Amino acid sequence: MNKIVLPPERANLVNWPEGLTRVPYWVFQDQSVYAEEQRKIFQGPNWHYLALEVELAEPGDFLTAHIGDTPVIVTRDTDNEIYAFENRCAHRGALICLESRGKHRKDFSCVYHAWNYDPQGNLTGVAFKDGIKGKGGMPDSFKMEQHGPRKLRIAIIHGLIFGSFSEDVPSIEEYLGEEILNRIERVLGGRTPVVLGRFTQVLPNNWKLYMENVKDSYHASILHLFFTTFELNRLSMKGGIIVDESGGHHVSYSAIDREAEKDVDYAKQQLRSESEYKLADPSLLESFDEYRDGCTLQILSVFPSFVLQQIQNAIAVRQIVPRAVDRTDLNWTYLGFSDDAPEQRLTRIKQGNLVGPAGYISMEDGCVGGFVQRGVAGASDDHAVLEMGGADANSSESRVTEASVRGFWKAYRANMGL
Amino acid sequence: MTSSVLQYIIEAQAKYSRCIDDDRLEEWPSLFHGPCLYRITTASNYREGLEAGIVFANSRGMLIDRVSALREANIYERQTYRHILGQPSILSEDGAKVRSETSFLVARILQDGDTSIYATGRYFDVYEIADRSAQLQERTVVCDSSRIDTLLALPL
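Below or above, wherever it landed, is the structure these notes cover. Here the residue numbering is sequential within each chain, running from 1 through the sequence in written order. Following the order in which they are written, the chains are lettered starting with A and the ligands numbered starting with 1. Note on the predicted model: pLDDT of at least 70 is required for a residue's local features to be given, and 80 or more for side-chain atom pairs to be given and counted; whole-chain, interface and lining totals, by contrast, use all residues. Values shown for side chains rest on all heavy atoms present in the structure; no hydrogens or waters enter the calculation.

## Section: the interface of chain A and chain B
- Residue contacts follow a heavy-atom distance rule, with two residues in contact if any of their heavy atoms lie within 4.5 Å. Counting from both sides, the interface comprises 39 residues of chain A and, opposite them, 35 residues of chain B.
- Put simply, buried area is how much 1.4 Å-probe accessible surface two parts lose in total, over both of them, once they are put together. Note on chain A versus chain B: buried area summed over both sides is about 3,200 Å², and carbon and sulfur give 54% of it.
- Any Lys or Arg side-chain nitrogen found within 4 Å of a carboxyl oxygen on Asp or Glu counts as a salt bridge. Taken together, the connections running from chain A to chain B amount to 4 salt bridges.
- Here Asp329 of chain A ties to Arg147 of chain B by a salt bridge, and the two come within 2.8 Å at their closest N and O atoms.
- Think of a polar contact as two N or O atoms within 3.5 Å of one another; within protein, one of them needs to be a possible hydrogen donor and the other a possible acceptor, and neighboring residues in sequence only count if both atoms come from side chains. If you look at where chain A meets chain B, you find 23 residue pairs in polar contact (both at pLDDT 80 or more).
- Secondary structure elements with two or more residues in the side of chain A that touches chain B: β12 (193-203), β18 (327-337), α8 (342-351) and α9 (363-375) of chain A.
- Top element by residues in the side of chain A that touches chain B is β12 of chain A. It accounts for 9 residues.
- Residues are grouped as follows: Ala, Val, Leu, Ile, Met, Phe, Trp, Tyr, Cys and Pro are nonpolar; Asp, Glu, Lys and Arg are charged; all remaining types, including Gly, are polar. Partitioned by chemical class, the residues of the side of chain A that touches chain B number 21 nonpolar, 6 polar and 12 charged. By definition, any uninterrupted DSSP run of H or I lasting at least four residues is a helix, any uninterrupted run of E lasting at least two residues is a strand, and each is numbered from the N terminus.

As structure tokens, this is what we get:
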């Protein structure tokens, strides 16, 4: 007779397995972990992508965004500086700004009781502060300068605006490190980006499952048939991964290697990726050598929630916004550059088919996190195995590794004190 | 405008919806003619004049590739659509070329039966009236919402 094995007792949340090669599934499921992440990571000493500088090109421009659950307003004031503050009235906590973006804004007024703020987040007016006909109003002890939404620190790097709630966060240069900075510069340095489109993909999974997927160079050529067959990205191509010292930031890149084309390792694995699939209109993959280094792909992530993507000439930034334990918004902004020739712009638009919610090579990333979320539903105390390429979280010339995924967990645990 | 033009457009749009909802995607590229322009975008991108699409095709080959990728390459859970279309409005007529706007509602039915309103929006179409039919030259699908649930596999 079969012995009935009941699931084990609820795990002790601080009981994380030794080393970086195991990730307990409760970390994707637990409400208290989610709440703790908001405090320690999203409001903690990290930098969070908010917007592109070109999206706030002129004084008076503003937009609203989220850092984790927390709503924020980002502005360019008349002094031409970028500011950000919590989108929460200091009075009773209502949203101050309801629009997603706009122009020519001199101040922000809460609709509830018309408390008024300047574009730097300073409280500048309280309706009926002195009462009416000497009656009512705020007491003399109330000082406007002592009240206001929390202001963020701002850092701008190659046109990317980052914000942080923390006073203790290191400078953005120190936070990212030289290698990551160089790779951001490679894509955006000295150029003026143009927004080509914005889309939000609603992912049915915990935000960390998407970040793991971004950092997982092992899956790319296996799950995504499109990549492999058209030599956009084969693990046998030249390339590698960079993991910064914290583990939290990474770059995965690949370049054409004609020598490796005869490689037989793929055929031996009998992967689904080896098919006879051919395009009826191969002009989709005709690209121009924008960076003059033969690098066809560079995926870069910044802990905890930012991705910069170059896939041939499809350039995009992605912002990850957790919405619930099992729900995540992925905000895509597709980019061109101001000096694009018309045929270059068309190339980018066509290669937009590779990415985003309907992307030939990113569609699967939208659902695979949900497959994990559903798969582990009854296995909170079990764990994922991350042993591909060893147990460390170091840079590597091989992309047959999970080093950058382990790096994510290294940084995550350091942030969370796990 | 002749009432037959409107009738031709209604017939073309009904044929298009049935083609997708009946899972005859292989026939979908042949519903386009001439430039075969097909684009899916959002109302806010459309309003701002942003060029990129969630899907963009400007040749019949690109439409065919979309279908073969769905059939042979991409991984997604089995799903079907049900298109509900409003009455087309004729926006302009220039010789045989007719522009129309039609509202749509698309429900998505997943393999476990879960049914949801997946997208609502407008079709901005360009037709050429020929041989007693409306031949679709361009279709811009403008989704009302910027939020796409999980992924977009089947064409709208």
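There's more to say after this.
## A word on the nonpolar core
- By nonpolar core we mean a set of buried residues, namely Ala, Val, Leu, Ile, Met, Phe, Trp, Tyr and Cys, connected to one another through side-chain atoms within 4.5 Å. Burial classes follow relative accessibility: with a 1.4 Å probe on protein chains only, a residue under 20% of its type's maximum area counts as buried, one over 50% as exposed, and anything between as partly exposed. One finds Leu160, Trp409 and Tyr412 of chain A together with Tyr38, Leu152 and Leu156 of chain B to be the most contacted residues of the largest nonpolar core, which totals 133 residues.
- Broken down by element, this core gets its largest block of residues, 7 residues, from helix α1 (residues 3-21) of chain B.
- If sequence neighbours within four positions are ignored, Tyr412 of chain A has contacts with Trp16, Val27, Val33, Glu37, Ile41, Trp207, Lys208, Phe303 and Leu418 of chain A.
- Counting 14 residues, the second-largest nonpolar core is a separate cluster that includes Phe62, Ile96, Phe108 and Leu123 of chain A.

## Considering the sheet that holds strand β6 (residues 101-102) of chain A
Residue and element names in this part refer to chain A.
- An order of β5-β4-β3-β6 is seen for the 4 strands of this open sheet, with the pairing classed as antiparallel. Looking at strand neighbours, the two that pair on one side only are β5 (82-86) and β6, the edges of this open sheet.
- Where strand β3 (residues 62-67) and β6 come together, 2 bridges link them in antiparallel fashion. Along β6, the bridge assignment pairs Phe62 with Gly102. The criterion for strand pairing is that DSSP finds at least two bridges linking the strands in question.

## Re the environment of Asp22 of chain B
All names here are of chain B.
- Residue position: Asp22 is located in the loop between α1 and β1 (32-42).
- On the basis of relative accessible area, Asp22 is assigned to the partly exposed category, the value being 36%.
- When the C-alpha positions of Asp22 and Val106 are compared, they lie 13 Å apart, and in sequence the two are 84 residues distant.

## Concerning the pattern of salt bridges
- In this structure the tally under the stated criterion is 30 salt bridges over all chains.
- For Glu99 of chain A, the salt bridge identified is with Arg105 of chain A, shortest N-O distance 2.6 Å.
- On the accessibility criterion, Glu99 of chain A (40% relative accessible area) is partly exposed.
- When the shortest N-O distance is used, the salt bridge between Asp23 of chain B and Arg71 of chain B registers 3.0 Å. With Asp23 of chain B in the loop between α1 and β1 and Arg71 of chain B in helix α3 (residues 60-73), the pair connects residues that are 48 residues apart, well separated along the chain.
- Its relative accessible area of 35% is what places Arg71 of chain B among the partly exposed residues.
- The network of salt bridges with shared partners includes Arg191, Glu290, Asp340, Arg345 and Arg348 of chain A together with Glu51 of chain B.

## Comments concerning a nonpolar patch on the surface
- Patch membership needs two things, relative accessible area over 30% and no salt bridge, and members are linked within 9 Å if like-charged or within 5 Å if nonpolar (Val, Leu, Ile, Met, Phe, Trp, Tyr). In short, Shrake-Rupley with a 1.4 Å probe defines the accessible areas, and a residue's cover is counted only from the protein chains shown. Together, Leu95, Leu98, Val111 and Tyr112 of chain A make up a nonpolar patch on the protein surface, roughly 450 Å² of accessible area in all.
- Note on placement: Val111 of chain A falls in the loop between β7 (108-109) and β8 (116-117).

## Side note on the state of the cysteines
- Two cysteine sulfurs form what is called a disulfide whenever their separation falls within 2.5 Å. Per the counting criterion, the structure on display carries 0 disulfides over all chains.
- The cysteine Cys89 of chain A is free of any disulfide, with Cys110 of chain A supplying the nearest cysteine sulfur at 3.9 Å.

## Describing the packing of helix α4 (residues 207-215) of chain A against α9 of chain A
Residue and element names in this part refer to chain A.
- Interhelical geometry of α4 versus α9 gives an angle of 125° and a closest axis separation of 9 Å. With respect to their mutual orientation, α4 and α9 come out oblique. Along this stretch, α4 crosses α9, giving a crossing that reads as right-handed. Residues Leu209, Tyr210 and Asn213 of α4 pack against Asp365, Val368, Gly369, Val372 and Gln373 of α9.
- Of the residues belonging to the contact of α4 with α9, the class tally is 4 nonpolar, 3 polar and 1 charged. Angles here are taken between N-to-C directions and fall from 0 to 180 degrees, while the axes themselves are lines fitted to C-alpha atoms, restricted in helices to the stretch in contact. Any angle that is under 35 degrees is reported as roughly parallel, and any over 145 degrees as roughly antiparallel; angles of 65 to 115 degrees are reported as roughly perpendicular and all others as oblique. Two helices that cross are described as forming a left-handed crossing if the nearer one is turned anticlockwise from the farther one by less than a right angle, and a right-handed crossing if clockwise.

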